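Architecture and fold: a report
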Amino acid sequence: MADTTVYDIVFAGAGTTACLVAGRLIKADPSLKILLIENGPHTQEDLAHVQPARYPAHLAPDSKTVRFVEGKPSAALGGRSIVVPAGQCVGGGSSVNFTMYTRAAASDYDDWETKYNNKGWGSKELIPLLKKTETYQVQPDLDSHGYEGPIKVSYGGKLSNIGEDYLEVASNYDPTRKATHDVNGIFTCNEYGRWPKWIDEKTGKRSDTAHHFLYNNIDNQNQKAITGCAVKRVIFEGNRAVGVEYVKNPAFHPGASPEEVFSVRAGRLVSGIGATPLLEKLGVHTVVDLPGVGARYQDHYGVFPAYFASDESDTLDWIVRSDPDELKKWTEQWLKDGSGLMATNGLDAGIKIRPNAEELADIGPAFQKRWNEFFANAPDKPVLWLGLLSGLFGDHTIAPPRKFFAFVSFIMHPSSTGYVHISSGTDPLAPPDFDPGYLTAPDDAELLAWAWKYTREFARRMKCYRGAYSVIQPKIPASSEAACKEDDLPVDIDAPKLKYTEEDEEAIRKFVRDEVHTTWHSLGTCPMKPRSQNGVVDSNLNVYGVKGLKVADMSIAPGNVASNTYSTALVIGEKAAVIIAEELGIKGV
């Protein structure tokens, strides 16, 4: 069944970058005919999306706003399979993420330009685009931040007393590292501070691309978004992409037949071709052989050990449990003035950390090699993000009805990589062949083991600390002086550090293998590199070997970035909008 409208641009997916690019282009030229085809549902003014504190609901097993992608069992994880959620709704990850505002290091983008030969993708060119997107409500007059963009950045509606406690411990326990008012200054890191959020301080709402680039243009009939539909394949005439076929997702269209295929035609496509042997095996005709498609999956991943918090602590636990009284209390506050716990994500403070010489020795020899090769001469590159979550990151249905806090530790430039490929030549909804590759490089395991020990020293010095939740902690023998105690009180700030036996260390290593999880930052599977380096797109986002087909999302990242990837997805979108506008002769983007 064919849609007879000929669109100027078709987006396969209505995720973060698609909404931004579509919004920028149609605002500059309202006559453009633009179609977005999204596998998930709409999100417009849905409280599950616009109220920041409700983000954990999207990770529920029955969620339809994310797609759960299960990896292969991994020997590096003791046979465990990793499940990675991916945004599946209008706005994509921007509509379901943790709203954590973390920007990449300048050198990350400079690497894109110099290491991978992408002219125009260095920090000098991208920082103005980062500024273009945002209105930074945290502090005025900072050179690297923007103040006129549609996406708002603030501290959210409430600083928890747990966050205050953490910052107090940081200033006294680790005085060698300073505090800062700008933890995302692009050119620096290794400083403690409050953590900004993609939340509008005036309304308390999530700042996503769906509401700020797509839904605000909804009156323009030339912009169309189809939801609950998955793109099946790109239609080519010769080597030019001219349209797509798509099918209805039965999760949103009960009774839909996989045999019923819809098609649309376009002047340009923004979408995701591949390795000939893989495609031939699945009965797919190869238009162009690009073995780099899906070959180098990257992510950020970490551990989230849990601790019991004092009764007076501000946490999200009762909101996550859907306690009626707490939901009523904080929703009323949010509706009144956009403040309170409903206007926060619980991630109030942290650090993008670089270890010093003593810490490098503690981490281990495998990471020392990685440090010398990658980090030592790039002082703006952090190794880990370490910070605090005011609440339990885990299964509340089996946890005691108490308040919690968790320490989040994730690696910002993991050495380990994986892959992701299609598993069916006909079914776009078939689970992919996916191996995330976590901990296959030994230096990553060393880092997370050290991070657990480092953050534990913070936890046990915090006033709100009431013990360790053993379900999400290493199983250190009870006879050890370093054993995790469920009923405990804080130690003095100058208390000696805990010492670990080799048996303790093995328990920590096992904890890392058993508990390492994604931080939902998948990237790099269609890298913007020279074709000779297994690249998939060029620096204008064109897929090699064909015409009329671009890729513009986190998959084009040629190297990892020390950020929560929403920030980088936005700058990719802004750059893509400029590139496409120039090709179409559109001014004012």
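To keep things clear, this report deals only with the structure shown in the data block. Since we're looking at a predicted model, the values are computed, not measured.

What follows covers the overall build of the chain. Looking only at helices and strands, one finds 14 helices and 21 strands in the chain. The globule rule puts the C-alpha radius of gyration for 589 residues at 25 Å, and the 24 Å found for the chain is close to it. Across its three principal directions, the C-alpha atoms of the chain cover 70 × 55 × 50 Å. Burial analysis of the chain (589 residues in total) assigns 59% to the buried set. Summed over its atoms, the accessible surface of the chain is roughly 23,200 Å², and 51% of this surface lies on carbon and sulfur atoms. Across the chain, the 62 positively charged side chains and the 75 negatively charged ones have centroids separated by 4 Å.

What follows is about the packing of aromatic side chains. Applying the stated criterion to the full structure yields 37 aromatic pairs. Between F374 and F375, the aromatic rings sit 4.9 Å apart at their centres with planes inclined by 85°, giving edge-to-face as the arrangement. Looking at F375, the relative accessible area reads 1%, which means it is buried. On the basis of an interplanar angle of 55° and a centroid distance of 6.5 Å, the ring pair of W452 and F511 is categorised as tilted. Linking W452 in helix α12 (residues 442-459) with F511 in helix α13 (residues 502-515), this pair joins segments that are 59 residues apart in sequence. Residue W452 is classed as buried on the basis of its relative accessible area, which comes to 0%. The class of F511 is buried, set by a relative accessible area of 3%. Three or more aromatic residues link up through ring pairs in this structure, and these residues are Y166, Y173, Y192, Y307, F405, F407, W450, Y454, F458 and Y465. The ring of F252 carries K64 above its face, with NZ or CZ at 5.9 Å from the centroid. Here the guanidinium or amino end of R194 rests over the ring plane of Y155, the centre of that ring lying 3.9 Å away.

Relative to the assigned elements, E191 resides in the loop between α5 (161-173) and β7 (192-194). Taking the relative accessible area as the measure of exposure, E191 reaches 17% and is therefore buried. Not counting the four nearest positions on each side in its chain, E191 is found in contact with K178, T180, V183, G350, I351 and K352.

Turning next to the environment of Y544. On the secondary structure map, Y544 appears in the loop between β20 (517-518) and β21 (549-550). C-alpha of Y544 to C-alpha of I476: the two residues are 68 residues apart in sequence and 52 Å apart in space. When residues no more than four places from it in sequence are discounted, the contact partners of Y544 are V288, L290, K529, P530, R531, G535, V536, V537 and D538. Among the polar contacts made by the side chain of Y544, one reaches the main-chain carbonyl oxygen of K529 at a distance of 2.6 Å.

So, about the nonpolar core. Counting residues in hydrophobic clusters, the biggest one holds 67 residues, and the most contacted among them are I34 and W121. A per-element tally of this core places helix α14 (residues 566-584) first, with eight residues. The residues contacting W121, other than those within four sequence positions of it, are Y109, W112, E113, L126, M528, S539, L541, I556, I572, K575 and I579. By size, the runner-up hydrophobic cluster in this structure holds 64 residues, among which are A309, F367, L386 and I472.

The subject of this paragraph is the pattern of salt bridges. Going through the model one piece at a time under the given rule, you end up with 24 salt bridges. Two residues, D433 and K72, come together in a salt bridge whose shortest N-O distance is 3.1 Å. Note on D433: relative accessible area 25%, which makes it partly exposed. A relative accessible area of 35% places K72 in the partly exposed class. The network of salt bridges with shared partners includes D108, D111, K115 and K381.

Since one α-helical turn is 3.6 residues long, residues separated by three or four positions face the same way. If you check helix α1 (residues 16-28), its first and last C-alpha atoms are 19 Å apart, about what 13 residues at 1.5 Å a residue would give, namely 18 Å. For α1, the tally of buried residues reaches 11 of 13 residues, placing the bulk of the element in the interior. Residues T16, T17, A18, C19, L20, V21, A22, G23, R24, L25 and I26 constitute the buried set of α1.

Another aspect to go through is the side chain of D444. In this fold, D444 is placed in helix α12. The side chain of D444 is buried and forms no salt bridge, while R370, the nearest opposite charge, is found at 6.0 Å.

Right, let's talk about the environment of G283 for a bit. Topologically, G283 is positioned in the loop between α7 (276-281) and β12 (301-303). Relative accessible area serves as the criterion here: at 67%, G283 is assigned to the exposed category. Taking the C-alpha atoms as reference points, G283 and G425, separated by 142 residues in sequence, lie 6.0 Å from one another.

Let's shift gears to the packing of helix α4 (residues 123-133) against α14. For the pair α4 and α14, the least separation of the axes is 9 Å and the interaxial angle reads 105°. Considering the angle they form, α4 stands roughly perpendicular to α14. Residues L126, L129, L130, K132 and T133 of α4 form the contact with α14, whose own contacting residues are S567, L570, V571, E574, K575 and V578. For the contact of α4 with α14, the class distribution of residues is six nonpolar, two polar and three charged.

With that settled, consider unusual backbone geometry. Here the phi dihedral of I186 falls at roughly 75°; this positive angle occurs in a residue that is not glycine. As for its position among the elements, I186 is in the loop between α5 and β7. Using a relative accessible area of 3% as the deciding quantity, one classes I186 as buried. Residues other than glycine seldom take positive phi values, yet S322 does so here, at roughly 60°.

Conventions adopted
Residues numbered from 1 in each chain as written. Predicted model: local features only at pLDDT ≥ 70, side-chain atom pairs only at ≥ 80, totals over all residues. Heavy atoms only, no water. Helix = DSSP H or I, 4+ residues; strand = E, 2+ residues; numbered from the N terminus. Rg over C-alpha atoms; globule rule 2.2 N^0.38 Å. Buried < 20%, exposed > 50% of the residue type's maximum accessible area, 1.4 Å probe, protein only. Areas by Shrake-Rupley, 256 points an atom, 1.4 Å probe, with all protein chains shown as cover. Lys, Arg positive; Asp, Glu negative; His and termini not counted. Charge placed at Lys NZ, Arg CZ, Asp CG, Glu CD. Phe/Tyr/Trp six-rings, centres within 6.5 Å; stacked < 30°, edge-to-face > 60°. Lys NZ or Arg CZ within 6 Å of the ring centre and 35° of its normal. Contact = heavy atoms within 4.5 Å. Polar contact = N/O pair within 3.5 Å; in protein donor to acceptor, adjacent residues only side chain to side chain. Core = buried A, V, L, I, M, F, W, Y, C linked by side-chain atoms within 4.5 Å. Salt bridge = Lys/Arg side-chain N within 4 Å of Asp/Glu carboxyl O. Expected span 1.5 Å × (residues − 1). Axes fitted to C-alpha atoms, helices over the stretch in contact; angles between N-to-C directions. Parallel < 35°, antiparallel > 145°, perpendicular 65-115°, else oblique. Nonpolar A, V, L, I, M, F, W, Y, C, P; charged D, E, K, R; others polar.

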